Amino acid sequence: MRNCLSSLLSRPKRLHQPIPSPPKPIISPSHQTQSQSTTMPPLRIANLGSSFAAGPSIPPCVDEDAGRSGANFACLIHQRIPGSSLTDLTVSGAILPNLTTEPQDRGGRIFPPQIQGLPEDSDLVFVLGGGNDIGYIGGLFEDTLSATWLGTFVMKVRGTGGAPVSTVDLDVDGLAARYAGVLDEIHAKAPKAQVLVVEYLTMLGSHVQPGKDVPFGEERVAHHKAVSARLLEATTKAVEGRAEWCHVVSVGEPSEDHAIGAPDPWVSGFSWKLFYAGGAYHPRAEGMKAVADIIYKKLVELKIVDEGEL
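Presented here is an overview of the structure given in this document. Keep in mind it's a predicted model, so treat the numbers as computed, not measured. (Residues numbered from 1 in each chain as written. Predicted model: local features only at pLDDT ≥ 70, side-chain atom pairs only at ≥ 80, totals over all residues. Heavy atoms only, no water.)

### Topic: the packing of helix α8 (residues 172-189) against helix α9 (residues 218-239)
- It is at 8 Å that the axes of α8 and α9 come closest, and there the two elements cross at 45°. Taken together, α8 and α9 sit at an angle that is classed as oblique. As α8 runs across α9, the sense of the crossing is right-handed. Of the residues in α9, those touching α8 at Val172, Asp173, Leu175, Ala176, Tyr179, Ala180 and Leu183 are Arg230, Leu231, Glu233, Ala234, Thr235, Lys237, Ala238 and Val239.
- Residue classes in the contact of α8 with α9 are distributed as 10 nonpolar, 1 polar and 4 charged. (Axes fitted to C-alpha atoms, helices over the stretch in contact; angles between N-to-C directions. Helix = DSSP H or I, 4+ residues; strand = E, 2+ residues; numbered from the N terminus. Parallel < 35°, antiparallel > 145°, perpendicular 65-115°, else oblique. Left-handed = near helix turned anticlockwise from the far one by under 90°. Contact = heavy atoms within 4.5 Å. Nonpolar A, V, L, I, M, F, W, Y, C, P; charged D, E, K, R; others polar.)

Shown next, in the form of structure tokens:
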């Protein structure tokens, strides 16, 4: 325990660094070759959002400060579509204003609002957010860490591992309005893009056993399930009136039987190792692949891609 605690507290802080340039689109050479034989122009994909889109702790890590994986759902979709390019702007811990108006500080590295890196000629934009605005994952960490003296001490020193705890009381309508504003800004920046709003994976589903799979009781499980329901309802409301260019990708319901405590989980529970790596209470690699499959089916339904590209 002494070694665990010292490793948690020994990570050096870094000084603020200049705002980095937006990432360049990723185009795999193999896809460039394949695209030459197609008649469709290459699909330009962008990915905006927080950790459930970025994929912290899932190898390979392509940006440690951002907590961004090279195997998140956007990367997996990009790999399936010949000739496509991907601009991945996701940053773990982001709240919705970090997508459009507010810079984000991650351990001394400042990330500009994600929309600044969004290519104006994007064809397809994935967006996932809103959970950090109401302390969804941060609340799970808060209840988990406060259950032990070690966790209580670590939380005082290190917080909730980069997952924000809610500081603003947003109801469904308030969160939906904030989310809708982000979607409208994205549409204004990339007007020809189809915007796919991806729901969060379910964390506490039908299999979870309070006190066993999570270190808190039934009352807090019910609370966190209510927070999740509020997030899903607000996400659906945010898309209303935008059907020509914006669509919800349903992930919450399909992942209900793959939550914490399930035989085939798509998300991770808590461990100190995962907490330090950024992967506790977050998607597993299996979950990212499942979400990519769900998104791809939506792309086929919308006739953005052919089923034969799978």
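### So, the packing of helix α4 (residues 73-80) against helix α11 (residues 285-301)
- Between α4 and α11, whose axes approach to 8 Å, the crossing angle comes to 55°. Viewed along their axes, α4 and α11 adopt a mutual orientation that is oblique. The way α4 lies across α11 gives a crossing that is right-handed. For the pair formed by α4 and α11, the contact residues are Phe73, Leu76, Ile77 and Arg80 on the first element and Met288, Lys289, Val291, Ala292, Asp293, Ile295, Tyr296 and Leu299 on the second.

### Some remarks on empty space enclosed by the protein
- Scanning the entire structure with this criterion turns up 2 cavities of 30 Å³ or more.
- Along the walls of the largest cavity sit Phe52, Phe73, Leu128, Val198, Glu199, Tyr200, Leu201, Pro283, Met288 and Val291, which together make up its complete lining.
- For the lining of the largest cavity, the per-class residue count stands at 9 nonpolar, no polar and 1 charged.
- Gly129, Tyr179, Val198, Glu199, Tyr200, Leu231, Leu232 and Thr235 are the residues that line the second largest cavity.
- Residue contributions to the lining of the second largest cavity peak at 3 residues, all from α9. (1 Å grid on protein atoms, 1.4 Å probe; cavity = no way out; pocket = protein on both sides within 12 Å on 5 of 7 lines; lining within 4 Å. Points joined across faces, edges and corners; volume = space filled by probe spheres on them.)

### Side note on the pairing of strand β1 (residues 44-49)
- The element β1 is largely enclosed, with a buried count of 5 among its 6 residues.
- Sheet analysis places β1 next to strand β4 (residues 85-88), joined by 4 bridges and oriented parallel. Directly across from isoleucine 45, in β4, lies its bridge partner leucine 86.
- Pairing of β1 with strand β7 (residues 124-128), which is carried by 5 bridges, proceeds in the parallel orientation. Residue pairing across strands places leucine 48 opposite valine 127, the latter belonging to β7. (Buried < 20%, exposed > 50% of the residue type's maximum accessible area, 1.4 Å probe, protein only. Pairing = 2+ DSSP bridges.)

### Quick look at the sheet that holds strand β8 (residues 194-198)
- Pairing within the open sheet is parallel, and its 5 strands lie in the order β4-β1-β7-β8-β9. Of all strands in the sheet, those bounded by a partner on one side alone are β4 and β9 (246-249). The average angle at which neighbouring strand axes cross in this sheet is 20°, direction not considered.

### Side note on the environment of phenylalanine 111
- Note on placement: phenylalanine 111 falls in strand β6 (residues 109-111).
- Judged by relative accessible area, which is 6%, phenylalanine 111 ranks as buried.
- Sequence separation between phenylalanine 111 and threonine 90 is 21 residues; the distance between their C-alpha atoms is 9.9 Å.
- Apart from residues lying up to four places away in sequence, phenylalanine 111 is in contact with Asp63, Asp65, Ala66, Val91, Pro103, Gln104 and Arg106.

Fair warning: the whole summary comes from geometry, so function is off the table for now.
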